[in-house]
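# Examining the three-dimensional arrangement
So you can see what is in the structure, the chains are spelled out below.
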Amino acid sequence: MSGFESPIFPFTRREFIKTIAGAGIALAGGVSISAAANPTGKKLHGLSSFGDLKYDADYTVFDYASPDAPKGGVFSFSPSNWGMNQNTQTFNTLNTFVLKGAAPPRMELCFDTLMISAIDEPDAIYCSTAKTVEISEDRNSYIFELREEARFHDGSVLSAEDVVFSCNIIKEKGHPQLAQNMRDLVEIRALSDNRVELRFNGKQSDRAILAVAASVPIFSRRYYETREFDSSSLEAPLSSGQWKVGNFSAGQFIEYLRVEDYWAKDMPFARGLGHFAKLRIEFYAERTAGFEAFKKGDILWRQEFTSKVWATEYGFPAVKQGKVVQKLFPGELRPSMQGWALNTRRDKFKDVRVRRAIGLCFDFEWTNKNLFYNAYARSQSLFEKSPFKAEGIATGEELTLLKSLGDDLPQSVFGEAIMQPVSDGTGNDRANLRKAFGLFQEAGWNSKGGKLLNAQGEQFKIEFLIRSKTFEKVLGGMVANLRQLGVDVSIRLVDPSQYQARTDKFDFDIVGMALSFTASPTQNSLKQIFHSDSADLSGSRNYPGVRVKAVDQLIEKLGKVKSRDELTIIMRVMDRVLRTHQYWIPNWYSANHRVAMWDVFGWKEPKPDYAFPVEQLWWYEETKAKKIGL
């Protein structure tokens, strides 16, 4: 799963996208332009939440781009991240911007947006399809002037009416990950053929425009006059981006072709990016089949998520011959979370003591040693690897903010930030299992005849919902410990379509999730995961059904932050509160990307701090390919 703030450019693993691990960063040579103090009535080339923009109005290329890199070649890869309704195991639609259907990853690359993120800055966006953006005096309206050169792939002009149509249709029928960002957007109107105004209701966050401007794809209004926007169609939609759909076979493969005459190819926001002639994604029901395809050279690039495979299975002939290389790339400076979500919409998980008891049955120390080759560290925080992680006892501003949230907070939130239990590493830590059984008893579950029963004589049952056999082994020890306590446990492996349908409708007991947030998480992005409003919203990533008044209050406060220090305090308190409720059983994390590739690529060092879009940054080197016989 992966999670991300701007689903149009998913840079994160697994499902959502969709962050930060850097606090205040000094960027040289910029123009001061914070979200709360952006000058009004002036035509701007970029926006940033806090601090300075790295690139001034006359920039010619992003520092991480490579304008002199060769063009051509095929990038055949297994995507390491995806969002919205996308799936890496199969697909049955090319419409990735709605809830229904399973779409292939990277469809979003075919579409332009008004502005684009700079991935070497934590929270900056720059004009792309828009030439400038102008903020009204009351800061509720944003006027975008479109570039005259902007064209769809059929040669038709991209106009203000297209932007109006796109914003309205996404707000009305778009995937919740996009539509929720637009909840406070009340009017979108064309002022002329190339000027469009987005007006908010005054309740929006100062940073709401950042998500909208960089995430809403621009559709052709004329194209959809004869088509249903929210249909599950395998017709390649008309778009205007750097890539377009080429050959594909539903559920098997898809190719994206670089648009040779892309209207923006020589503009600063696009120069030096998108070097491959073709992107090709193969679809496999299991990662094992994908790995076998990689060994044969059918796939050229792969991010390895299984530590055992990384440590023990890269001894095949192509590796020994130097044709395939393994390399570590540093992870992004963005907070992330990975864990098993317990569905509190179901009565049996409503008691926090039950959730804590289940967590005690997971022996991370044994799992890390025996299955992961000690490759991981234990996750504790919802915002791991970032300054937003709560530690120790709340003091100072954190404590003051906590006390302001009301009297219904559990007292435990004022103690040490909740940490996960450490086991003896045997896989069957009796002390932890005794604690777990005691918590079950306190919550009204007792043992009878080897079964854990409630007052009505019903046995406690858990079904883990998974879509990959890999997790059967990972969950094996935890399942055994739960069964030892008298819990009836099963693991349900389902096909990708069923998995997506069940998670969209919250039809599960426990399911895994992994999210990566943007560098400066916004009110709207966190509402999709932690706010009461998203608890029953189909397609949201509020898998556990979080409904906590204090968390809702903190998310509302995010809409008014004026500095990164203020943002950090709010996020730490949110982490502290959420960890107290234990909606997730935290898993593990790694500091690096483990990448295996056929040695045919070139890239620029260092990688950007806030994203790793290899398909946009790297290039194909023919001399390397010839050297290894490709």
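Residues numbered from 1 in each chain as written. Predicted model: local features only at pLDDT ≥ 70, side-chain atom pairs only at ≥ 80, totals over all residues. Heavy atoms only, no water.

Moving on: the pattern of salt bridges. Scanning all chains against the criterion turns up 37 salt bridges. With a shortest N-O distance of 3.7 Å, Lys 278 and Glu 255 are connected by a salt bridge. One end of the pair, Lys 278, is in strand 14 (residues 278–282); the other, Glu 255, is in strand 13 (residues 253–258), with 23 residues separating them in the sequence. Through salt bridges with shared partners, a single network forms among Arg 346, Lys 348, Glu 463, Arg 492, Arg 502, Asp 507 and Asp 509. (Salt bridge = Lys/Arg side-chain N within 4 Å of Asp/Glu carboxyl O. Helix = DSSP H or I, 4+ residues; strand = E, 2+ residues; numbered from the N terminus.)

This prediction gives the chain a mean pLDDT of 90; 94% of its residues lie at or above 70. The low-confidence segment residues 1–35, where pLDDT is below 50, has 193 contacts with residues more than four positions distant or belonging to other chains. (pLDDT = per-residue confidence, 0-100. Contact = heavy atoms within 4.5 Å.)

What follows covers the sheet that holds strand 10 (residues 185–192). Read across the sheet, five strands follow the order 2-8-9-11-10 without closing on themselves; strand pairing throughout is antiparallel. Since the sheet does not close on itself, it has two edges, and those belong to strand 2 (43–44) and strand 10, each with one partner. Inspection of the sheet shows strand 2 paired to strand 8 (residues 130–135) by two bridges, in the antiparallel sense. Looking at strand 8, one finds that Leu 44 is bridged to Val 133. (Pairing = 2+ DSSP bridges.)

Ordered by their spatial adjacency, seven strands build an open sheet running 12-13-14-5-15-26-16, and the pairing between neighbours is mixed. Each edge of the open sheet is held by one strand with a lone partner, namely strand 12 (243–249) and strand 16 (324–330). For this sheet, the mean inter-axis angle between neighbouring strands, taken without regard to orientation, is 25°. Each of strand 15 (301–303), strand 16 and strand 26 (592–598) touches helix 4 (residues 287–296); the most contacted strand, strand 15, lies at about 140° to it. (Axes fitted to C-alpha atoms, helices over the stretch in contact; angles between N-to-C directions.)

Within strand 9 (residues 141–146), five of the six residues are buried, which leaves it mostly tucked inside the rest of the structure. Counting the residues that bridge the hairpin from strand 8 to strand 9 gives five residues, and of these Arg 139 lies at a positive phi of roughly 65°. Here strand 9 pairs with strand 11 (residues 195–200) via five bridges, running antiparallel. What sits directly across from Tyr 142, in strand 11, is Leu 198. (Buried < 20%, exposed > 50% of the residue type's maximum accessible area, 1.4 Å probe, protein only.)

To continue, consider the packing of helix 14 (residues 549–558) against helix 15 (residues 564–581). In contact at an axis separation of 10 Å, helix 14 and helix 15 are set at 165° when each is read in the N-to-C sense. Here helix 14 is positioned roughly antiparallel relative to helix 15, judged by the angle of their axes. Regarding helix 14 and helix 15, the two cross each other, and that crossing is left-handed. From helix 14, Ala 550, Val 551, Leu 554, Ile 555, Lys 557 and Leu 558 reach across to helix 15, where they touch Leu 567, Ile 570, Met 571, Val 573, Met 574, Val 577 and Leu 578. Looking at the contact of helix 14 with helix 15, its residues break down into twelve nonpolar, no polar and one charged. (Parallel < 35°, antiparallel > 145°, perpendicular 65-115°, else oblique. Left-handed = near helix turned anticlockwise from the far one by under 90°. Nonpolar A, V, L, I, M, F, W, Y, C, P; charged D, E, K, R; others polar.)

This next bit is on helix 11 (residues 470–484). By the largest-angle criterion, Gly 476 marks the main kink of helix 11, which is about 45°. Among all positions of helix 11, only Val 474, Leu 475, Met 478, Val 479, Asn 481 and Leu 482 are buried. One or two steps after helix 11, the chain reaches Gly 486, where phi turns positive at roughly 100°. (Bend = angle between axes of the 7 residues up to and from the residue.)

What follows is about the side chain of Glu 615. Residue position: Glu 615 is located in helix 16 (residues 614–617). Of the residues examined, Glu 615 reaches a relative accessible area of 5% and is grouped as buried. For Glu 615, the side chain forms a polar contact with the side chain of Arg 106, separated by 2.4 Å. Sequence-distant contacts of Glu 615, defined by excluding residues within four places in its chain, comprise Phe 75, Phe 77, Arg 106, Leu 109, Trp 243, Phe 276 and Leu 279. (Polar contact = N/O pair within 3.5 Å; in protein donor to acceptor, adjacent residues only side chain to side chain.)

All right, on to the nonpolar core then. Core analysis: the biggest nonpolar cluster contains 108 residues, and Phe 144, Trp 301, Phe 601 and Trp 618 have the highest contact counts within it. Considering each element in turn, this core owes the most residues, seven residues, to helix 1 (residues 160–173). With residues up to four places along the chain from it excluded, the contact list for Phe 601 reads Phe 75, Phe 276, Leu 300, Trp 301, Trp 618, Trp 619, Tyr 620, Glu 621 and Lys 624. Among the nonpolar cores identified, the runner-up in size contains 43 residues, and Val 413, Leu 465, Met 513 and Leu 554 belong to it. (Core = buried A, V, L, I, M, F, W, Y, C linked by side-chain atoms within 4.5 Å.)

This next bit is on the environment of Glu 313. Tracing the sequence through the fold places Glu 313 in the loop between helix 5 (307–312) and helix 6 (317–320). Glu 313 sits in the partly exposed class, given a relative accessible area of 33%. Taking the C-alpha atoms as reference points, Glu 313 and Phe 291, 22 residues apart in sequence, are found 9.8 Å from one another. With sequence-adjacent residues up to four places away left out, Glu 313 is seen in contact with Phe 291 and Lys 308.

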